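If you want the building blocks of each chain, they are given just below.
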Amino acid sequence: MTNDQKALILATVPILKEHGVLLTTHFYTRMFKHNPELKNMFNMGNQQTGKQQTALAMAVLAYAENIANPSVLLPVVDRIGQKHISLDIRPEHYAIVGNHLLASISEVLGDAATPEISEAWKVAYNQLAALMGGHEANLYQDQVLKPNGWTGWRLFKVGRREMESAEICSFYLYPADGGKVPHHKPGQYISIKLFLPQLNISQIRQYSISSAPNDDYYRISVKREAGANVDVNGMISNLLHDEITEGKQVELTSPAGNFTLPDNLDTPVMFISGGVGLTPLMSMVQHLTQKGTKQPITWLHGCRNESVHAFKDNINELAINNSNFNQHIFYDAPSPENIAEDIHDGYLDINRIEDLQHHPQTRYYLCGPSFFIQKQFNDLRESGINADKIFFEEFGPQLLQLN
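Residues numbered from 1 in each chain as written. Predicted model: local features only at pLDDT ≥ 70, side-chain atom pairs only at ≥ 80, totals over all residues. Heavy atoms only, no water.

**Q** Before we go on, may I ask you to explain the overall build of the protein chain in this structure?
**A** The helix and strand inventory of the protein chain stands at twelve helices and twelve strands. For the protein chain, the C-alpha radius of gyration of 22 Å lies close to 22 Å, the compact-globule estimate for 403 residues. Its C-alpha atoms put the protein chain at 70 × 50 × 45 Å along the principal axes. Long-range contacts, defined here as pairs at least 24 residues apart, represent 73% of the contacts in the protein chain between residues at least 6 apart. (Helix = DSSP H or I, 4+ residues; strand = E, 2+ residues; numbered from the N terminus. Rg over C-alpha atoms; globule rule 2.2 N^0.38 Å. Contact = heavy atoms within 4.5 Å.)

Put into structure tokens, the structure is as follows:
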């Protein structure tokens, strides 16, 4: 890009700040009108809630603000790239998106979209597509270089189902061809593709792997969504509960995601989870205890009550068998028996744990609803924890800007 083109992109930043969601909403409407087949690839639940439009608007704004040095966005590029390979997005999809995004800029900005601005955004988008495409090509290559690795969609069968709580069911997924699976990094997710009769389209949904890395299977643990107005994501989760029985087959992509434990981690770890947010942390803690780490492990978990507390017995067993493992549980509505077990009453609050230890090198992993992550992050920061020691996984499009 020329310096003049970069200046033109920067000049559109105020417009993107004010009208970015309007632009991205117009873009998605346009793209699905002209390419309705893409509804099978995009999460229509996040479209309905507006989360995807907001996330894209934030990404476009960040790119425009850093157009002089896009390399500062590499952590974001990696996070988005991980999601893209889990959706099996390929270079040809960038051409479709670019066509509709550039047309949307002209249609939304109207006379303000001069030929010079339109050309600058065309060059900028092609630069971004090349950056993303190159990074994703490397990620795809890494997938196939792993033992038992693959790219694209692979057929799996449900070897076992197991209820972990009143509303969370685990599915043990084995390759339908009888082969092995590549070891995932603890904390990663897989994508599953299911046909959703209510919409008459297929939908893709990411679920964290809740088992330790192994050669044979992946385990996902899925919460049933209750209520009269369940969104598309909830429909997929409920479809798994209701229809995907043992022996049924489903399509998966390889494990992806960068909310992971570093290789050869040798520092204290604190896991902080809310509800079904404990699933990626289960993979992490099982991995660490299987390795026999001697570093302190602390787990703080909050949920409504004992009946919905998944993996309670498993985590208690880890606490009994590992002297370096310590846990604190919060129930919104505990029973008298729970309180007798020293379970905290109310919402998870680190400030209510008198003996909570913060070792200088501790890494903190947060997972749960957005408001849960926001509170825990703020409380940790107020306790003097540096932001670069705090890592979080927000289910769905990432909207939190904390680090």
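**Q** Looking at this model, I keep getting lost on the nonpolar core. Mind explaining?
**A** As a rule of thumb, nonpolar side chains are buried together in soluble globular proteins. Core analysis: the largest hydrophobic core is formed by 34 residues, its most contacted members being Ile9, Leu16, Tyr28, Met31, Phe32, Phe42 and Trp121. Put simply, the parts of the chain that give this core at least two residues each are helix 2 (13-34), helix 4 (51-65), helix 6 (91-109), helix 7 (115-145) and strand 4 (201-208). Not counting chain neighbours up to four residues away, the residues in contact with isoleucine 9 comprise Met1, Ala64, Ile67, Ala120, Trp121 and Ala124. If you look at the next biggest cluster of nonpolar residues, it comprises 23 residues, including Ile192, Tyr207, Leu239 and Leu252. (Core = buried A, V, L, I, M, F, W, Y, C linked by side-chain atoms within 4.5 Å. Buried < 20%, exposed > 50% of the residue type's maximum accessible area, 1.4 Å probe, protein only.)

**Q** I would appreciate a short explanation of the environment of arginine 219 in the present structure.
**A** Residue placement: arginine 219 occurs in strand 5 (residues 218-223). Between the C-alpha atoms of arginine 219 and tyrosine 189, which are 30 residues apart in sequence, the distance is 10.0 Å. Discounting chain neighbours no more than four positions away, the residues touching arginine 219 are Glu164, Ser170, Phe171, Tyr172, Ser208, Ile209, Ser210, Ser211, Met282, Gln286 and Phe311. Of note is the side chain of arginine 219, whose polar atom sits 3.2 Å from the side chain of tyrosine 172. A polar contact is formed between the side chain of arginine 219 and the backbone oxygen of serine 210, at a distance of 2.6 Å. (Polar contact = N/O pair within 3.5 Å; in protein donor to acceptor, adjacent residues only side chain to side chain.)

**Q** Sorry if this is basic, but what is going on with the packing of aromatic side chains here?
**A** How two aromatic rings sit relative to each other is set out by the distance from centre to centre and by the angle between their planes. Summed over the entire model, instances satisfying the criterion amount to 13 aromatic pairs. Ring centres of tyrosine 28 and phenylalanine 32 lie 6.0 Å apart, and the angle between their planes is 20 degrees; this geometry places the pair in the stacked category. Here tyrosine 28 and its partner phenylalanine 32 are both found in helix 2, four residues apart, which amounts to about one turn of the helix. The same class applies to tyrosine 28 as to phenylalanine 32, namely buried. The rings of Phe259, Phe271, Trp299, Tyr365 and Phe391 are connected pair by pair, giving a single aromatic cluster. One cation-aromatic arrangement involves arginine 160 over tyrosine 172; the distance from NZ or CZ to the ring centre is 4.0 Å. (Phe/Tyr/Trp six-rings, centres within 6.5 Å; stacked < 30°, edge-to-face > 60°. Lys NZ or Arg CZ within 6 Å of the ring centre and 35° of its normal.)

**Q** For this particular structure, what's the right way to read the pattern of salt bridges?
**A** Pairs can form between side chains of opposite charge whenever their charged atoms are close. Enumeration according to the criterion identifies ten salt bridges in this entry. Put simply, glutamate 162 and arginine 160 hold a salt bridge, and the shortest N to O gap is 2.7 Å. The partner of lysine 312 in a salt bridge is glutamate 306, with the nearest N and O atoms 3.9 Å apart. Take lysine 312: its relative accessible area is 14%, and that puts it in the buried class. A relative accessible area of 36% means that glutamate 306 is categorised as partly exposed. (Salt bridge = Lys/Arg side-chain N within 4 Å of Asp/Glu carboxyl O.)

**Q** Just to check I follow, could you spell out the sheet that holds strand 7 (residues 269-274) for this structure?
**A** Ordered in space as 10-9-8-7-11-12, the six strands form an open sheet in which the pairing is parallel. Where the open sheet ends on each side, the last strands, each with one partner, are strand 10 (344-345) and strand 12 (390-394). In the sheet, strand 11 (residues 363-368) pairs with strand 12 via five bridges, with the strands oriented parallel. Bridged to tyrosine 364 within strand 12 is isoleucine 390. In this fold helix 9 (residues 279-291) packs onto strand 7, strand 8 (297-303), strand 9 (325-331) and strand 11, with an angle of close to 155 degrees to the strand it touches most, strand 7. (Pairing = 2+ DSSP bridges. Axes fitted to C-alpha atoms, helices over the stretch in contact; angles between N-to-C directions.)

**Q** What is the right way to read empty space enclosed by the protein from this model?
**A** Any space left empty among the atoms is revealed by the rolling of a water-sized probe across them. Tallied over the full model, the rule gives three cavities of 30 Å³ or more. Looking at the largest cavity, its volume works out to about 80 Å³. In this structure, the largest cavity is lined by Thr12, Ile15, Leu16, His19, Leu23, Val60, Ile105, Val108, Leu109 and Trp121. Broken down by secondary-structure element, the contributors of at least two residues to the lining of the largest cavity are helix 2 and helix 6. In terms of residue count, the dominant contributor to the lining of the largest cavity is helix 2 (four residues). Class assignment for the residues of the lining of the largest cavity results in eight nonpolar, two polar and no charged. (1 Å grid on protein atoms, 1.4 Å probe; cavity = no way out; pocket = protein on both sides within 12 Å on 5 of 7 lines; lining within 4 Å. Points joined across faces, edges and corners; volume = space filled by probe spheres on them. Nonpolar A, V, L, I, M, F, W, Y, C, P; charged D, E, K, R; others polar.)

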